[in-house]
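Report on the structure
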Amino acid sequence: MTSPSVVREVLAGLGIRPLKRLGQNFLVDHNLRERIISGLEIVPGDRIVEIGPGLGAITQGILEKSDDVHAIEIDHALAAHLRDFFGARLHLHEGDALEADLAALLGPSGKLVGNLPYYISTPLVAAAVAARPAIAVLMLQSEVAARLQAPPATPERGALTLLIEYAADVEPWAKAGPNLFYPPPKVSSQVVRLHPRPSPVAAPWSAIRPIVAAAFQYRRKTLGRALQEGLGLEPEVAAQALRAAGIDAVRRGETLSLQEFGRLAETLGRGG
Ligand code: SAM
């Protein structure tokens, strides 16, 4: 599966036309495939979970290194092909990865990999982090990869950035232009490695999340206004909480660090 013409022929032989609505852009580059697999640092006995195996380009390489591979594929025709091709060696779960219990599939030390379907990469990244794999190697559209790594006061910074800062370190792993896929997508891609780790702040994500959501829902407003409108706080309560957290009320949410969101969650948790 290392050239567009081979993938085109395999698909034609199976009577499958790539579906745009399922983000079907198949990997056709040997080096990128090897780079993705090497990012998993597979050792014997590792459980590997793959999201969206497609024609099995990455799956095949993983199966050469691990005999405990699970893959979740939503497309019925591709799932049938994977069953025929890999047989019982691959534990195939036919269905929607967003509805799968990733944490249960990963177990205590499983690793996650996926050339993710771009139409749901944001919720899949959030689900991946929540499932706490030992490591995740994910192909994303460059724009989403940039959001994961966006420093304060940049337009790419958003709720997903804060979730990642809370839960994982991000390591850029490879860049991928459209010609490395068949059919080529309209956008460039980036592979990132996510390393889940304990949060650097004391407040739980459940307390930080609504504040982050309000701050970015009203990102053009000052934080004082965003807290009032997003959380329904009285102006004085919002102002007092920001003062207690040492945050200027006229700042905008995208300028805050995770630590500042954490302090705000703690002061609001104490009643402002
Ligand atoms: N891994 C293959 C590769 O690298 O060539 C295919 C990657 S392709 C970008 C995305 C794959 O995810 C497709 O096989 C598609 O059918 C599958 N997919 C799309 N939506 C999905 C979902 N909600 N759950 C599981 N798989 C999904």
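Predicted model only: the values in this text are computed from it and were never measured.

Rules behind the numbers
- Residues numbered from 1 in each chain as written.
- Predicted model: local features only at pLDDT ≥ 70, side-chain atom pairs only at ≥ 80, totals over all residues.
- Heavy atoms only, no water.
- Domains from an automatic or database assignment.
- Contact = heavy atoms within 4.5 Å.
- Buried area = accessible area lost by both parts, 1.4 Å probe.
- Salt bridge = Lys/Arg side-chain N within 4 Å of Asp/Glu carboxyl O.
- Nonpolar A, V, L, I, M, F, W, Y, C, P; charged D, E, K, R; others polar.
- Axes fitted to C-alpha atoms, helices over the stretch in contact; angles between N-to-C directions.
- Helix = DSSP H or I, 4+ residues; strand = E, 2+ residues; numbered from the N terminus.
- Parallel < 35°, antiparallel > 145°, perpendicular 65-115°, else oblique.
- Left-handed = near helix turned anticlockwise from the far one by under 90°.
- Expected span 1.5 Å × (residues − 1).
- Buried < 20%, exposed > 50% of the residue type's maximum accessible area, 1.4 Å probe, protein only.
- Near = heavy atom within 4 Å.
- Polar contact = N/O pair within 3.5 Å; in protein donor to acceptor, adjacent residues only side chain to side chain.
- Areas by Shrake-Rupley, 256 points an atom, 1.4 Å probe, with all protein chains shown as cover.

A few points about the domain arrangement of the chain
For the chain, the assigned domains read domain 1 (4-196) and domain 2 (205-268). Its C-alpha centre places domain 1 at a distance of 34 Å from the equivalent point of domain 2. Counting residues at the interface gives eleven residues for domain 1, matched by eleven residues for domain 2. Counting the surface lost from both domain 1 and domain 2, the interface buries some 930 Å², and carbon and sulfur atoms represent 70% of this. Among the residues domain 1 hides against domain 2, the three largest losses belong to R157, L162 and Y166. Together they make up 51% of the total. At the junction of domain 1 with domain 2, the criterion picks out zero salt bridges. Residue composition of the side of domain 1 that touches domain 2, by class: seven nonpolar, two polar and two charged.

Points about the pattern of salt bridges
Where charged atoms of side chains with opposite charge meet at close range, the side chains can pair. Within the structure shown, the criterion is met by 14 salt bridges. If you follow the salt bridges from partner to partner, you end up with E41, E171 and R193 in one network.

Comments concerning the packing of helix α9 (residues 205-217) against helix α12 (residues 258-269)
It is at 9 Å that the axes of α9 and α12 come closest, and there the two elements cross at 115°. Looking at the two axes, α9 sits roughly perpendicular to α12. At the point where α9 passes α12, the crossing takes the right-handed sense. Residues A207, I208, I211, V212, A215 and F216 of α9 form the contact with α12, whose participating residues are L258, F261, G262, L264, A265 and L268. For the contact of α9 with α12, the per-class residue count stands at eleven nonpolar, one polar and no charged.

A few points about unusual backbone geometry
Omega for the peptide link from Y182 to P183 comes to -15°, which places this bond in the cis form. Within the secondary structure, P183 is located in the loop between β8 (181-182) and β9 (189-196). The phi dihedral of A153 is positive, around 70°, even though this residue is not glycine. Mapped onto the secondary structure, A153 falls in the loop between α7 (142-148) and α8 (159-167).

As for α9
One full turn of an α-helix is made of 3.6 residues, so residues set three or four places apart face in the same direction. Here α9 is 13 residues long and its end C-alpha atoms lie 17 Å apart, about the 18 Å a rise of 1.5 Å per residue gives. Looking at α9, one finds that the buried residues are W205, I208, I211, V212, A214, A215 and F216. Each element contacted by the buried residues of α9 is listed here: α8, α10 (223-231) and α12.

Observations regarding the environment of R270
Assignment of secondary structure puts R270 in the segment after α12. Here the alpha-carbon distance between R270 and E260, two residues ten residues apart in the chain, equals 15 Å.

Structural notes on the site of the ligand
Taken together, 23 residues lie around the ligand, and L27, G52, E73, A97 and Y119 are the ones closest in. Take L27: an N or O atom from its main chain is 2.8 Å from an oxygen atom of the ligand. The backbone of P53 places a nitrogen or oxygen atom 3.3 Å from a nitrogen atom of the ligand. Summarising the interface, the protein chains cover 99% of the accessible area of the ligand, which totals 600 Å² for the free molecule.

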